[in-house]
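If you want the building blocks of each chain, they are given just below.
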Amino acid sequence: MKSMFKFALQPLLDFRRRIEEKALTEYAGQVRRFETEKERLERLRHEKSLLARRFSEMQQGVMKAGDVATLFAYLGRVSSEERGQEDVVRKAAEELEEKRQNLLEAVKKRKAIEVLRDRQHEAYRQALVRKELRRLDEFGIEQHKRNEGKEGHHRL
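Described in the following lines is the structure provided in the data block. (Residues numbered from 1 in each chain as written. Predicted model: local features only at pLDDT ≥ 70, side-chain atom pairs only at ≥ 80, totals over all residues. Heavy atoms only, no water.)

A word on the side chain of Gln-30
Right, on to step 1. Relative to the elements of secondary structure, Gln-30 occurs in helix 1 (residues 10-60).
Right, on to step 2. Judged by relative accessible area, which is 7%, Gln-30 ranks as buried.
Right, on to step 3. Looking at Gln-30, its side chain comes within polar contact range of the main-chain oxygen of Ala-92, at 3.1 Å.
Right, on to step 4. Excluding anything up to four places from it in sequence, Gln-30 contacts Ala-92, Glu-95, Leu-96 and Lys-99. (Helix = DSSP H or I, 4+ residues; strand = E, 2+ residues; numbered from the N terminus. Buried < 20%, exposed > 50% of the residue type's maximum accessible area, 1.4 Å probe, protein only. Polar contact = N/O pair within 3.5 Å; in protein donor to acceptor, adjacent residues only side chain to side chain. Contact = heavy atoms within 4.5 Å.)

See the structure below:
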(Lines give C-alpha, C1' and ligand atoms only; values in the text may rest on other atoms or scores of the structure.)
Protein backbone atom coordinates (compact mmCIF):
# COMPACT_ATOMS: atom_id res chain seq x y z
CA MET A 1 0.00 0.00 0.00
CA LYS A 2 1.59 3.26 -1.14
CA SER A 3 1.50 6.02 1.44
CA MET A 4 -0.19 9.27 0.51
CA PHE A 5 1.14 11.07 3.60
CA LYS A 6 1.85 14.73 2.98
CA PHE A 7 3.80 16.65 5.62
CA ALA A 8 2.39 20.18 5.75
CA LEU A 9 5.66 21.60 7.10
CA GLN A 10 7.88 20.01 4.41
CA PRO A 11 8.92 23.44 3.04
CA LEU A 12 10.05 24.42 6.54
CA LEU A 13 11.96 21.15 6.90
CA ASP A 14 13.66 21.75 3.54
CA PHE A 15 14.55 25.28 4.66
CA ARG A 16 15.98 23.95 7.95
CA ARG A 17 18.10 21.44 6.01
CA ARG A 18 19.51 24.22 3.81
CA ILE A 19 20.30 26.32 6.90
CA GLU A 20 22.05 23.30 8.44
CA GLU A 21 24.07 22.66 5.27
CA LYS A 22 25.15 26.31 5.20
CA ALA A 23 26.13 26.17 8.89
CA LEU A 24 28.09 22.97 8.24
CA THR A 25 29.94 24.57 5.32
CA GLU A 26 30.77 27.64 7.42
CA TYR A 27 31.93 25.45 10.30
CA ALA A 28 34.16 23.35 8.02
CA GLY A 29 35.68 26.52 6.54
CA GLN A 30 36.37 27.89 10.01
CA VAL A 31 37.97 24.60 11.08
CA ARG A 32 40.35 24.88 8.11
CA ARG A 33 41.11 28.53 8.91
CA PHE A 34 41.74 27.72 12.58
CA GLU A 35 44.09 24.85 11.67
CA THR A 36 45.97 27.06 9.18
CA GLU A 37 46.43 29.79 11.78
CA LYS A 38 47.57 27.27 14.41
CA GLU A 39 50.14 25.86 11.97
CA ARG A 40 51.43 29.36 11.27
CA LEU A 41 51.81 29.94 15.01
CA GLU A 42 53.71 26.67 15.37
CA ARG A 43 56.07 27.65 12.53
CA LEU A 44 56.76 30.98 14.25
CA ARG A 45 57.44 29.22 17.55
CA HIS A 46 59.76 26.78 15.83
CA GLU A 47 61.59 29.63 14.10
CA LYS A 48 61.90 31.47 17.43
CA SER A 49 63.29 28.33 19.04
CA LEU A 50 65.89 27.95 16.28
CA LEU A 51 66.90 31.60 16.65
CA ALA A 52 67.22 31.24 20.42
CA ARG A 53 69.41 28.15 19.95
CA ARG A 54 71.53 30.00 17.39
CA PHE A 55 71.88 32.94 19.78
CA SER A 56 72.95 30.53 22.52
CA GLU A 57 75.52 28.97 20.19
CA MET A 58 76.84 32.41 19.26
CA GLN A 59 77.37 33.17 22.95
CA GLN A 60 79.70 30.18 23.15
CA GLY A 61 82.08 31.69 20.62
CA VAL A 62 83.28 35.08 19.57
CA MET A 63 80.33 37.30 18.82
CA LYS A 64 80.34 40.27 16.52
CA ALA A 65 78.21 43.12 17.76
CA GLY A 66 76.52 43.53 14.37
CA ASP A 67 75.58 39.83 14.20
CA VAL A 68 74.20 39.90 17.72
CA ALA A 69 72.19 43.06 17.01
CA THR A 70 70.79 41.61 13.78
CA LEU A 71 69.89 38.29 15.39
CA PHE A 72 68.40 40.02 18.42
CA ALA A 73 66.30 42.33 16.22
CA TYR A 74 65.09 39.38 14.15
CA LEU A 75 64.27 37.42 17.31
CA GLY A 76 62.28 40.43 18.56
CA ARG A 77 60.36 40.64 15.28
CA VAL A 78 59.56 36.91 15.35
CA SER A 79 58.46 37.19 18.99
CA SER A 80 56.19 40.10 18.07
CA GLU A 81 54.71 38.12 15.15
CA GLU A 82 54.19 35.20 17.52
CA ARG A 83 52.18 37.35 19.94
CA GLY A 84 50.12 38.73 17.05
CA GLN A 85 49.54 35.22 15.71
CA GLU A 86 48.46 34.05 19.16
CA ASP A 87 45.72 36.71 19.01
CA VAL A 88 44.75 35.56 15.51
CA VAL A 89 44.53 31.94 16.73
CA ARG A 90 42.50 32.97 19.77
CA LYS A 91 40.03 34.91 17.59
CA ALA A 92 39.84 32.01 15.11
CA ALA A 93 39.07 29.66 18.03
CA GLU A 94 36.29 31.98 19.21
CA GLU A 95 34.82 32.13 15.69
CA LEU A 96 35.10 28.35 15.45
CA GLU A 97 33.10 27.95 18.66
CA GLU A 98 30.49 30.39 17.34
CA LYS A 99 30.19 28.41 14.08
CA ARG A 100 29.95 25.18 16.07
CA GLN A 101 27.11 26.62 18.18
CA ASN A 102 25.32 27.80 15.01
CA LEU A 103 25.64 24.32 13.53
CA LEU A 104 24.34 22.63 16.68
CA GLU A 105 21.37 25.01 16.78
CA ALA A 106 20.60 24.32 13.10
CA VAL A 107 20.78 20.55 13.68
CA LYS A 108 18.51 20.85 16.71
CA LYS A 109 15.90 22.86 14.77
CA ARG A 110 15.96 20.42 11.83
CA LYS A 111 15.63 17.41 14.12
CA ALA A 112 12.67 18.98 15.93
CA ILE A 113 10.81 19.33 12.62
CA GLU A 114 11.78 15.76 11.64
CA VAL A 115 10.44 14.41 14.94
CA LEU A 116 7.16 16.21 14.30
CA ARG A 117 7.04 14.81 10.75
CA ASP A 118 7.75 11.28 12.01
CA ARG A 119 5.02 11.55 14.66
CA GLN A 120 2.51 12.82 12.14
CA HIS A 121 3.47 10.07 9.70
CA GLU A 122 3.02 7.43 12.40
CA ALA A 123 -0.39 8.87 13.35
CA TYR A 124 -1.35 8.81 9.66
CA ARG A 125 -0.19 5.19 9.34
CA GLN A 126 -2.12 4.14 12.45
CA ALA A 127 -5.26 5.87 11.14
CA LEU A 128 -4.90 3.88 7.90
CA VAL A 129 -4.54 0.65 9.87
CA ARG A 130 -7.65 1.47 11.95
CA LYS A 131 -9.60 2.30 8.79
CA GLU A 132 -8.51 -0.97 7.18
CA LEU A 133 -9.48 -2.94 10.31
CA ARG A 134 -12.92 -1.29 10.34
CA ARG A 135 -13.35 -2.19 6.67
CA LEU A 136 -12.34 -5.79 7.38
CA ASP A 137 -14.72 -5.91 10.37
CA GLU A 138 -17.58 -4.62 8.22
CA PHE A 139 -16.71 -7.15 5.54
CA GLY A 140 -16.69 -9.92 8.17
CA ILE A 141 -20.06 -8.83 9.56
CA GLU A 142 -21.58 -8.74 6.07
CA GLN A 143 -20.12 -12.18 5.36
CA HIS A 144 -21.49 -13.49 8.64
CA LYS A 145 -24.96 -12.08 7.87
CA ARG A 146 -24.94 -13.70 4.44
CA ASN A 147 -23.85 -17.03 5.93
CA GLU A 148 -26.59 -16.84 8.58
CA GLY A 149 -29.11 -15.95 5.91
CA LYS A 150 -28.16 -19.04 3.93
CA GLU A 151 -28.33 -21.25 7.03
CA GLY A 152 -31.77 -19.87 7.97
CA HIS A 153 -32.97 -20.49 4.46
CA HIS A 154 -31.79 -24.12 4.53
CA ARG A 155 -33.55 -24.85 7.85
CA LEU A 156 -37.01 -24.17 6.47
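Description of the environment of Met-4
Right, on to step 1. Take Met-4: it is sitting in the segment before helix 1.
Right, on to step 2. Spatially, the C-alpha atoms of Met-4 and His-121 are 9.9 Å apart, while their sequence positions differ by 117 residues.

Here's the deal with the nonpolar core
Right, on to step 1. Formed by Leu-44, Leu-51, Phe-55, Met-58, Val-68, Leu-71, Leu-75 and Val-78, the largest nonpolar core amounts to 8 residues.
Right, on to step 2. Of all the secondary structure elements, the ones that give two or more residues to this core are helix 1 and helix 2 (65-155).
Right, on to step 3. Once residues within four sequence positions are removed from consideration, Leu-44 is found in contact with Val-78, Glu-81, Glu-82 and Gln-85.
Right, on to step 4. Judged by nonpolar contacts, the second largest core, of 5 residues, contains Phe-34, Leu-41, Val-89 and Leu-96. (Core = buried A, V, L, I, M, F, W, Y, C linked by side-chain atoms within 4.5 Å.)

Quick word on helix 1
Right, on to step 1. Over its 51 residues, helix 1 runs 75 Å from end to end, which matches the ideal 75 Å to within 8%, given 1.5 Å per residue.
Right, on to step 2. Here helix 1 has its buried residues at Leu-13, Glu-20, Ala-23, Gln-30, Phe-34, Glu-37, Leu-41, Leu-44, Leu-51, Phe-55 and Met-58. (Expected span 1.5 Å × (residues − 1).)

Considerations on the environment of Phe-15
Right, on to step 1. Along the chain, Phe-15 falls in helix 1.
Right, on to step 2. The partly exposed category is assigned to Phe-15, whose relative accessible area is 38%.

So far we have only geometry, and geometry alone does not tell us how the molecule works.
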